[in-house]
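# Report on the structure
Now for the letters of each chain:
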Amino acid sequence: MGYIVVEVMPKQEILDPQGKAVAGALARQGHPFTDVRQGKRFTLAVDGPVTEAHLAAARAAAETTLSNPIIEDVVGIHAVEEDLPADSGAAISAEVTA
Amino acid sequence: MSSRIGVVTFPGSLDDRDAQRAVRLAGGEPVALWHADTDLAGVEAVVLPGGFSYGDYLRAGAIASHSPIVREIVTAAGRGLPVLGICNGFQILCEAHLLPGALIRNDHQRFLCRDQQLEVTNAATAWTNQFAPGQQITIPLKNGEGGFVADDATLDRLEGEGQVVFRYLGSNPNGSLRDIAGVTNEAGNVVGLMPHPEHAVQQGYGPDVAGAPRSGTDGLGLFASAIRSLVSA
């Protein structure tokens, strides 16, 4: 089984209230991070190895469904070679920017 | 024969029965539609009610915007069918590209529920023709993702073309850009707003008004407007 990871982030100019709330919590714990932006990471599974057709489908899904281009950017679409842990599907991750 | 107005129920809709009741109190005949329906049962207008369609898991309204019934509504709206999106319905209409912009999480990051004053800034749409331009109305607001955003060019265009239909009065409840509470498409048949007109349609159940608690019925005007549009069409 192959996997494609799609990463979506709120556009820089769009207010990210979730990231802001996380930044506030981290600052209160004494961490040095000056900003936090929170996005989404999708893991798409396909039968067999990832092909160019799979990647094209992932790009289409990313633009039409997984992101809303008005408020979000698709910042990464890439195939993952190694086996993923069983619980990694459709995980939501926080991304920290400098 | 009274006007038949459809109200769509999605898995996770909460205010569909309230919207049906509002249609009835305004003099129309509510018709229940289901998210998986592939035809509109001959209705003359459609309301997308508030709630959390499909759990709002991807983004508010995103999954619903791809549902069979919404695909039919997009086609019919292009032919002039009056469509009203309330709260989650507004989010669905934006995700379906029937309305411009998008709704993001409230800037203060909390769910807010209160009676909200609005200015009717466009009284010429299918859903606002019973109001006077500039009229102030009060209807309930309850949302966690009600921040209306669009780029500056879109916002300028919306204001320039009169596509801003409702504006928040008093403090901005959710960080919506330019205090925008509701917008319409270019043709004026599709309207979306975050506050809930269907919760202000009957004395005893609406917002407080001076000297008469829970007696506000300003929301009735939206449903009465659609019925008038249909009767005069």
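Residues numbered from 1 in each chain as written. Chains lettered and ligands numbered in written order. Predicted model: local features only at pLDDT ≥ 70, side-chain atom pairs only at ≥ 80, totals over all residues. Heavy atoms only, no water.

Short version of the rule: UniProt positions are given in the numbering used here, feature names are shortened, and annotations may be inferred rather than shown by experiment.
The name given to chain B in an unreviewed UniProt entry is Phosphoribosylformylglycinamidine synthase subunit PurQ, with the source organism recorded as Bogoriella caseilytica. Annotation of chain B in UniProt includes, under Pathway (unreviewed entry), the sentence "Purine metabolism; IMP biosynthesis via de novo pathway; 5-amino-1-(5-phospho-D-ribosyl)imidazole from N(2)-formyl-N(1)-(5-phospho-D-ribosyl)glycinamide: step 1/2." Comment text from UniProt for chain B, heading Subunit (unreviewed entry), reads "Part of the FGAM synthase complex composed of 1 PurL, 1 PurQ and 2 PurS subunits."

The name an unreviewed UniProt entry assigns to chain A is Phosphoribosylformylglycinamidine synthase, from the organism Bogoriella caseilytica.

### Brief notes about the UniProt feature "active site" (unreviewed entry) in chain B
Residue and element names in this part refer to chain B. Applied cut-off: Note on exposure labels: buried denotes an accessible area under 20% of the residue type's maximum, exposed denotes more than 50%, and partly exposed covers the range between, all computed with a 1.4 Å probe on protein chains only. Should any heavy atoms of two residues lie within 4.5 Å, those residues are counted as being in contact. The numbering of helices and of strands both runs from the N terminus, where a helix is a DSSP run of H or I of at least 4 residues and a strand a run of E of at least 2. Under the rule applied, a polar contact is a pair of N or O atoms within 3.5 Å (in protein, one hydrogen donor and one hydrogen acceptor; residues adjacent in sequence only if both atoms are side-chain atoms).
UniProt tags Cys87, His196 and Glu198 as "active site" (unreviewed entry). Across 112 residues in sequence, these annotated residues keep their C-alpha atoms within 10.9 Å of one another, forming a single compact spot. Under the relative-accessibility criterion, Cys87 is labelled buried at 8%. Residues in contact with Cys87, not counting those within four places in the same chain, are Gly50, Lys142, Asn143, Leu193, Met194 and His196. By the element assignment, His196 lies in the loop between β11 (190–193) and α5 (220–232). When neighbours within four sequence positions are excluded, His196 is seen to be in contact with Asp15, Gly50, Ile86, Cys87, Ile139, Pro140 and Lys142. A distance of 3.5 Å separates polar atoms of two side chains, one belonging to His196 and the other to Asp15.

### Description of the side chain of Gln20(B)
Residues and elements named next belong to chain B. Of note, Gln20 is situated in helix α1 (residues 16–25). Classification of Gln20 by relative accessible area gives buried; the value is 12%. Every residue in contact with Gln20, bar those within four places of it in the chain, is listed here: Val7, Pro30 and Ala32.

### Things to note about the state of the cysteines
Residues and elements named next belong to chain B. So the rule is basically this: When the sulfur atoms of two cysteines come within 2.5 Å, that pair is taken as a disulfide.
Per the stated rule, a full pass over the model turns up 0 disulfides over all chains. Cys113 provides the cysteine sulfur closest to Cys87, a residue in no disulfide bond, and the two sulfurs are 10 Å apart. Residue Cys113 is classed as exposed on the basis of its relative accessible area, which comes to 60%.

### A closer look at the interface of chain A and chain B
Worth spelling out the cut-off: Buried area: the sum, over both parts, of the accessible surface (1.4 Å probe) that disappears when the two are put together. The salt bridge criterion pairs a side-chain nitrogen of Lys or Arg with a carboxyl oxygen of Asp or Glu, the two atoms within 4 Å.
Taken residue by residue, the interface counts 15 residues in chain A and 12 residues in chain B. Here chain A meets chain B over a buried area of about 1,200 Å², counting both sides, of which 64% is carbon and sulfur. In this structure, the connection of chain A to chain B is made through 1 salt bridge. A salt bridge links Glu72(A) to Arg59(B); the nearest nitrogen and oxygen atoms lie 3.6 Å apart. On the surface where chain A and chain B come into contact, there are 4 residue pairs in polar contact (both at pLDDT 80 or more).

### Section: the side chain of Arg37(A)
Residue and element names in this part refer to chain A. Within the secondary structure layout, Arg37 lies in strand β2 (residues 37–38). Side-chain polar atoms of Arg37 contact the backbone oxygen of Lys11, separated by 2.5 Å. At a separation of 2.9 Å, a polar atom in the side chain of Arg37 contacts the main-chain carbonyl oxygen of Ile14.

### Overview of the layout of surface pockets
To be explicit about the condition: As defined here, a cavity is a set of points on a 1 Å grid over the protein atoms alone where a 1.4 Å probe fits but cannot get out. A pocket is an open set with protein on both sides within 12 Å along at least five of seven lines, and residues line them when an atom is within 4 Å of a point. Grid points are joined across faces, edges and corners, and a volume is the space filled by probe spheres set on the points. Only Asp, Glu, Lys and Arg are considered charged in this grouping, and only Ala, Val, Leu, Ile, Met, Phe, Trp, Tyr, Cys and Pro are considered nonpolar; every other residue, Gly among them, is considered polar.
Of the pockets and cavities examined, the largest pocket occupies roughly 520 Å³. Around the largest pocket, the lining comprises 29 residues; the ones closest to its centre are Gln18(A), Lys40(A), Glu72(A), Arg59(B) and Glu145(B). Secondary-structure elements contributing two or more residues to the lining of the largest pocket are β1 (2–10) and α1 (17–28) of chain A together with α3 (88–95) and β5 (102–104) of chain B. Here the lining of the largest pocket is built from residues that sort into 14 nonpolar, 7 polar and 8 charged.

### A closer look at the pattern of salt bridges
Residues and elements named next belong to chain A. Overall, the coordinates contain 11 salt bridges over all chains when judged by the stated rule. The salt bridge involving Lys40 is made with Glu72; its shortest N-O contact spans 3.8 Å. With Lys40 in strand β3 (residues 40–46) and Glu72 in strand β4 (residues 72–80), this residue pair connects regions lying 32 residues apart in the sequence. Classification of Glu72 as buried rests on a relative accessible area of 11%.

### What about the sheet that holds β11(B)?
Think of a sheet as strands paired side by side through backbone hydrogen bonds, with each pair either parallel or antiparallel. Residue and element names in this part refer to chain B. In plain terms, the rule: Only strands joined by at least two bridges in the DSSP assignment are considered to pair. Angles here are taken between N-to-C directions and fall from 0 to 180 degrees, while the axes themselves are lines fitted to C-alpha atoms, restricted in helices to the stretch in contact.
Pairing is mixed in the open sheet, where 9 strands are placed in the order β2-β1-β3-β4-β11-β10-β9-β6-β7. The open sheet terminates on both sides in strands that have one partner only, identified here as β2 (29–34) and β7 (136–143). With strand direction ignored, the average angle separating the axes of adjacent strands in the sheet is 25 degrees. Where strand β9 (residues 164–168) and strand β10 (residues 180–184) come together, 3 bridges link them in antiparallel fashion. Looking at β10, one finds that Val164 is bridged to Val183.

### Quick notes on the nonpolar core
As a reminder of what qualifies: Buried Ala, Val, Leu, Ile, Met, Phe, Trp, Tyr and Cys residues form a nonpolar core when they are joined through side-chain atoms within 4.5 Å.
Ranked by internal contacts, the top residues of the largest apolar core, which has 65 residues, are Val47(B), Ile73(B), Leu84(B), Phe148(B), Phe166(B) and Phe223(B). Those residues within four positions of Phe223(B) in sequence are excluded, and the remaining contacts are Ala22(B), Val23(B), Ala26(B), Val47(B), Leu84(B), Ile86(B), Pro197(B), Glu198(B) and Val201(B). Ranked by size, the runner-up nonpolar core spans 10 residues in total, among them Ile4(A), Phe42(A), Leu55(A) and Leu58(B).

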